[in-house]
Amino acid sequence: MNSPHPPKVAGIDSSLPAPTQTADPIGQPLAAPEPGVQDRLAGWVSDLTTLHELTERLVHTSTLDEALRELLRAGAALVGAQRGLVALEPADGQGPVTTVGLGLGRADLGQIETIPGTSAPGGHLLDGLPEPGGKRRADVTHPDIAGETGLHPRHREVAARLGFAASYAVPLDPFPGSGPAPGLTAVPAPATEDASPAAGDRTAPGAGRGAAQAPAPADAPGMAGVPAGRLGAVAWLYDEPAEPEEHQRHLVALYCRYAAAHITRLIELARARATVATVREELLPTRLPRLPGVRLAVRHRPGPRGGGDWYDALPLPDGALGLSVGAVTGSGPGTIVAMGRLRASLRAYAVMEGEDPVAVLSDLELLLRLTEPARSATALFAYCEPAARRVLLAGAGHCPPLITGERRTEFVETTLSAPLGMLSCWEAPSVEIEPACGETLLFYSDGLLHHTGEPMDRAFARLHAAAAGAPRAVRADPDAFADHVLLAMFPGDSGGAGETREAGMSGEDGGEDIVLLVAHFD
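Every value quoted in this text rests on a predicted model; they were computed, and no experiment measured them.

Remarks on the overall build of the protein
Consideration 1: Along its length, the protein carries 12 helices and 17 strands.
Consideration 2: Burial statistics for the protein: of 522 residues in total, 44% are counted as buried.
Consideration 3: Restricting the contact set of the protein to residue pairs at least 6 apart, pairs at least 24 apart contribute 73%.
Consideration 4: Counting every atom, the protein has about 26,300 Å² of accessible surface; 56% of that belongs to carbon and sulfur.

Set out below in structure tokens:
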């Protein structure tokens, strides 16, 4: 008699035996790590985290001064110092040359600069003198200034007067010789006892000693505007005799090499901006004309990217005066060059037919359309007769001028007109105004309005209120009036009416150029 078969279930073959439960064989337990390995790994992770945090703060600095101050703060935390200074003096001699201190005033920095270069903290590095054998010091340490022999007496005198007892200095070198440039992926490798120099290998006190000797780097192939060679040196000062440990030196060396690369980029940017500013200043008037019956003042603040705004004041025949403001679209060196060509052309047209502002702008529009077909520009030209107090002006897409006095403050309607280069044929009627004695005419660029950060209608209202609220004593002085308007437009802005000059003022806190041309009629 056969045994009954178990019932069949869909998807399951009951005739197959059930799988047996298996388990992986238990192997030998892992060997315990050697003593100290985990501590060293934890230390490396901590060092990498510290370097990452410090370099993260460094890369967020956008100006050279901010980067140098952040370098001092971060380095002081790494080496355990209280004060410090960084002396920036690129080896190529193209600047900029500056000294920034941490916990040191201008007078303190001045006293440190009186120490002879071969004795001051970082003096060997700043002088750029090679060491015997063609090597340069990787750092300079003075652990006990009062107790060291061979130091210059001025060094001890300044140290005692400023209250620091030790110093540690390292170079700022974006091309530190052989070996790959360290980054955040480089694992700090603090020196072991075997790697420490023997007592007999140390240099004599007073000459400073380096933790490591680096070969003098070959001249790095640099691009135009990129500083090549050593940038300068940074030194930290201790209130008590002390010196950083090998581990601290290694960390600060990694950080300083990263900081030197970042500072190199900022120097390149600063040099490019300085070049653009120089070109722009050469393309704009260096001085304003002086004619009977009218006094002029101008404030020009270029944007950081180099805009195409311009202003001009040109003496014309028969005692007349031509005033113009305008802007070429775009930014950068190409826009500045185009602005220069357009302004020079406008001067030529103003001399030939300045009494007809519409003809001047029409010729300028034709020139722009033929020579710069991809560009457009706004412009405002005024033909002034100071003796007759008569002004004839025309505008092409530019902001209307503002006339203000004790009895009126109003915008001059120049009619709606398109910018130059936007239409196949530009034309707009001119407007004639007669300023009274003591009234002031304001020409400005749209950057003056955009810099407020408000909608255009509110910006126009702010400009109107700033001009109308000027005190009587300010109205009689065009320079004071220009400063008053800027302060009223940008309250709390340190660059508003700060470092001004006849030809303008500079700043990098706005994205657009700011032009304000003031004409006061006596």
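Back to the write-up after that little detour.
A word on the pairing of strand β11 (residues 377-385)
Consideration 1: Of all nine residues in β11, eight are buried, a share of seventy percent or more.
Consideration 2: Where strand β10 (residues 320-331) lies against β11, eight bridges are found, and the strand directions are antiparallel. When the sheet's bridge partners are listed, Val328 is paired in β11 with Ala377.
Consideration 3: Pairing of β11 with strand β12 (residues 390-396) involves six bridges; the strand directions are antiparallel. When the bridges of β12 are listed, Phe381 appears paired with Ala394.

What to know about the packing of helix α1 (residues 37-59) against helix α2 (residues 64-79)
Consideration 1: Put simply, α1 and α2 touch, their axes get as near as 9 Å, and they point 165° apart. By the angle class used here, α1 and α2 are roughly antiparallel. Both α1 and α2 take part in a crossing whose hand is right-handed. Where α1 approaches α2, its residues Thr50, Leu54, Arg57 and Leu58 are matched on the opposing element by Ala67, Glu70, Ala74 and Leu78.

Structural notes on the sheet that holds strand β17 (residues 514-521)
Consideration 1: Pairing within the open sheet is antiparallel, and its five strands lie in the order β8-β17-β16-β13-β14. Looking along the sheet, the strands with just one partner apiece sit at the ends: β8 (294-301) and β14 (409-411). Taking the axes of each pair of neighbouring strands and ignoring which way they run, one obtains an average angle of 15° across the sheet.
Consideration 2: Where strand β13 (residues 402-404) meets β14, three bridges bridge the pair, whose relative direction is antiparallel. Looking across to β14, one finds that Leu402 is bridged to Phe411.

What to know about the confidence of the model for the protein
Consideration 1: The predicted model of the protein averages 79 in pLDDT, with 75% of residues at 70 or higher.
Consideration 2: Below a pLDDT of 50 lies the segment residues 178-224, which in the model reaches 71 contacts outside its immediate sequence neighbourhood of four places, other chains included.
Consideration 3: This stretch, residues 494-509, has a pLDDT under 50; its non-local contacts, to residues over four places away or in other chains, come to 42 contacts.

What counts and what doesn't
- Residues numbered from 1 in each chain as written.
- Predicted model: local features only at pLDDT ≥ 70, side-chain atom pairs only at ≥ 80, totals over all residues.
- Heavy atoms only, no water.
- Helix = DSSP H or I, 4+ residues; strand = E, 2+ residues; numbered from the N terminus.
- Buried < 20%, exposed > 50% of the residue type's maximum accessible area, 1.4 Å probe, protein only.
- Contact = heavy atoms within 4.5 Å.
- Areas by Shrake-Rupley, 256 points an atom, 1.4 Å probe, with all protein chains shown as cover.
- Pairing = 2+ DSSP bridges.
- Axes fitted to C-alpha atoms, helices over the stretch in contact; angles between N-to-C directions.
- Parallel < 35°, antiparallel > 145°, perpendicular 65-115°, else oblique.
- Left-handed = near helix turned anticlockwise from the far one by under 90°.
- pLDDT = per-residue confidence, 0-100.

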